[in-house]
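# Examining the three-dimensional arrangement
The chain contents come next:
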Amino acid sequence: MSDLDRLASRAAIQDLYSDKLIAVDKRQEGRLASIWWDDAEWTIEGIGTYKGPEGALDLANNVLWPMFHECIHYGTNLRLEFVSADKVNGIGDVLLLGNLVEGNQSILIAAVFTDEYERRDGVWKFSKRNACTNYFTPLAGIHFAPPGALLQKS
């Protein structure tokens, strides 16, 4: 594997990592479906395993999006290990802030994503993602709101 191919692959995988977070936050079904191989598995510990693009959409539409009014993910500490020219293992941390539908409660979630990425016919996509939640913490007395939402009119 050339240095140029390794750098291009790393950039493509970093985009996939971000695309998943953006797709969930912005509720973009097309973006979410496009990043998984048909035989990919997305496991969220304690919730279940979902397969392929259809499974990712099922998880988003029937579990994640109904859970949150809105949310935002902050992905960090992405570390990639090239197993071969067409297979990469990754690990990264994610912090999620959002407002739950139930109880209109703000929440902080910290999780670790352990990923496998594969390149097929020159395209990188997820082949496996495991999400392990470290913290699922309601923020008592706090409700995230856009700027100005809490200001009273004179």
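Residues numbered from 1 in each chain as written. Predicted model: local features only at pLDDT ≥ 70, side-chain atom pairs only at ≥ 80, totals over all residues. Heavy atoms only, no water.

Named according to an unreviewed UniProt entry, the chain is Dehydrochlorinase originating from Sphingomonas sp. DS3-1.

With that settled, the discussion passes to the UniProt feature "domain: SnoaL-like" (unreviewed entry) in the chain. Within this structure's numbering, the places UniProt gives as "domain: SnoaL-like" (unreviewed entry) are residues 6-130. Annotated as 34% helix and 54% strand, the span residues 6-130 places its first and last C-alpha atoms 24 Å apart. (UniProt positions renumbered as here; feature names shortened; annotations may be inferred. Helix = DSSP H or I, 4+ residues; strand = E, 2+ residues; numbered from the N terminus.)

Another point: the layout of surface pockets. One simple way to see leftover space: roll a probe sized like a water molecule over the atoms. Of the volumes computed, that of the largest pocket is approximately 300 Å³. Lining the largest pocket are 18 residues, and of these Ile-44, Leu-64, Leu-96, Ile-109 and Thr-133 lie nearest its centre. In terms of residue class, the lining of the largest pocket is made up of 14 nonpolar, two polar and two charged. (1 Å grid on protein atoms, 1.4 Å probe; cavity = no way out; pocket = protein on both sides within 12 Å on 5 of 7 lines; lining within 4 Å. Points joined across faces, edges and corners; volume = space filled by probe spheres on them. Nonpolar A, V, L, I, M, F, W, Y, C, P; charged D, E, K, R; others polar.)

Our focus in this paragraph is the pairing of strand β1 (residues 36-44). Where β1 lies against strand β6 (residues 123-138), five bridges are found, and the strand directions are parallel. Its bridge partner being in β6, Ile-44 is matched across the sheet by Ala-131. Where β1 meets strand β2 (residues 48-51), four bridges bridge the pair, whose relative direction is antiparallel. Its bridge partner lying in β2, Ile-44 is registered against Gly-48. Counting the residues in the hairpin turn of β1 and β2 gives three residues, including Gly-46, whose phi is positive at 90°. (Pairing = 2+ DSSP bridges.)

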